[in-house]
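Here is how the chains run, residue by residue.
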Amino acid sequence: MEIIRASFILVVFVLNMVRITLSVENEVLYLDYYKETCPLAEEIVSRNVEIAVLKDPRMAASLLRLHFHDCFVMGCDASILLDNHGDIISEKQAGPNLNSVRGFKVIDEIKYILEEACPLTVSCADILAIAARDAVALRGGPRWKVWLGRRDSMKASLDGANQFIPAPNSSLETLISNFNEQGLDIEDLVALSGGHTLGKARCVSFRQRVYDIEEKRDKYKRYRTFRRILRSICPDSGRDDAIAPLDFSTPAKFDNHYYINILEGNGLLGSDNVLVTEDHEGEIIKLVRAFAANEELFFSSFAKSIVKMGNINVLTGLEGEIRKNCRFVNPYALARK
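Residues numbered from 1 in each chain as written. Predicted model: local features only at pLDDT ≥ 70, side-chain atom pairs only at ≥ 80, totals over all residues. Heavy atoms only, no water.

**Q** Could you give an account of the UniProt feature "binding site: Ca(2+) 2" (unreviewed entry) in the protein, with specific residues and numbers?
**A** What UniProt calls "binding site: Ca(2+) 2" (unreviewed entry) maps, in this numbering, to Thr-197, Asp-247, Thr-250 and Asp-255. Sequence-wise these annotated residues cover 59 residues; spatially they are packed, their C-alpha atoms never more than 9.8 Å apart. One can find Thr-197 in the loop between α8 (186-193) and β1 (200-202). Setting aside anything within four residues of it in sequence, one finds Thr-197 in contact with Asp-247, Thr-250, Pro-251, Lys-253, Phe-254, Asp-255 and Tyr-258. Once you skip the residues sitting within four places of it in the chain, Asp-247 turns out to touch His-196, Thr-197, Asp-255, His-257, Tyr-258 and Asn-261. (UniProt positions renumbered as here; feature names shortened; annotations may be inferred. Helix = DSSP H or I, 4+ residues; strand = E, 2+ residues; numbered from the N terminus. Contact = heavy atoms within 4.5 Å.)

Right, dumping it as structure tokens:
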């Protein structure tokens, strides 16, 4: 059995080297990247995401968020998964991630199974991309084809995580700048913001939005009612870890209600509401209204934008590595440093 396993690993290694050579020349990702080297890769990820979401419905939003937070720091390279080790300071300690991002154990479990099936073949970065797609689809959202062939970073960037991941109280100008920095435009900003149709946020993330309401809004009863609900969950001090759904209408379903909510002033985060309140030129509001009126349009735009996001600064070819454990750089890679 050991001889057979060793032979299998050798074959996989050769196939990977052929693919690496091709990707060095073309610098692109592929559909069906693991067709020869790990044909059950996507099925393994999908099955385990389904199990995780059945156990904990919130996990769908968590896995989507992991992919987003990973891609906005150095690119889609699974740097967010690295723990503190040696000279690596984990991005998990950054303000936008600390006590907030979750789903790491789900990724660990998927990686363990993939390593049993196809050693050193499927990257952690690709696992994040596939898991995000499957998580959205499981909650009723669109399903898109995932381009694969990313490799894993051998470093993390705590400073990058603090700088480039949008804060929950960001102004519209800051959001546009953050997205432009990643090569994403206004349509991508509006479409990807719709990911807030799933998940929950901590009180510390929306307290400012609750207690810093513009005077002109007080005359509208619907704004006052929503604010009272949020204040009952999140007092002006204390209970920082109390949580509220990002979408009060359909919190467990991926749909277009997020846009309906923010048109009514009922977005949970300040960074949600600014898409409407700070859009002085009207271009963003047009998109918000279009997505609010047409869920199919939102789904297609979201899929297009998340595929685009998934291509940010990817490592391919001989760059990076395929980690054996998503939390740590491979030992031989550390020895090379």
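**Q** Explain the nonpolar core residue by residue, including any values.
**A** Residues Leu-81, Ile-107, Leu-114, Tyr-259, Phe-302 and Met-309 are the most contacted members of the largest nonpolar core, which totals 80 residues. Top contributing element to this core by residue count: helix α5 (residues 124-138), with 10 residues. Membership of the second largest hydrophobic core comes to 13 residues, among which are Phe-206, Ala-244, Leu-246 and Leu-268. (Core = buried A, V, L, I, M, F, W, Y, C linked by side-chain atoms within 4.5 Å. Buried < 20%, exposed > 50% of the residue type's maximum accessible area, 1.4 Å probe, protein only.)

**Q** An account of helix α2 (residues 41-55) is needed here, citing residue identities and associated values.
**A** The end-to-end C-alpha distance of α2, which contains 15 residues, comes to 22 Å, matching closely the 21 Å that a straight helix rising 1.5 Å per residue would cover. For α2, every residue scored as buried is listed here: Ala-41, Ile-44, Val-45, Ser-46, Asn-48, Val-49, Ala-52 and Val-53. Turning to α2, the residues buried within the fold contact α3 (59-71), α4 (104-117) and α5. (Expected span 1.5 Å × (residues − 1).)

**Q** So what's going on with the environment of Ile-127? Which residues, and what values?
**A** Relative to the helices and strands, Ile-127 is located in helix α5. Each C-alpha atom of the pair Ile-127 and Ile-44 lies 9.9 Å from the other, and the pair is 83 residues apart in sequence.

**Q** Please provide a residue-by-residue account of the packing of helix α7 (residues 172-181) against α8, values included.
**A** Two quantities define a packed helix pair, namely the angle between the helix axes and the distance between the axes. Contact geometry for α7 and α8: axes closest at 9 Å, N-to-C directions at 105°. The angle between α7 and α8 falls in the class roughly perpendicular. Contacts between α7 and α8 pair Leu-172, Leu-175, Ile-176 and Phe-179 from the former with Asp-188, Leu-189 and Leu-192 from the latter. Here the residues of the contact of α7 with α8 sort into 6 nonpolar, no polar and 1 charged. (Axes fitted to C-alpha atoms, helices over the stretch in contact; angles between N-to-C directions. Parallel < 35°, antiparallel > 145°, perpendicular 65-115°, else oblique. Nonpolar A, V, L, I, M, F, W, Y, C, P; charged D, E, K, R; others polar.)

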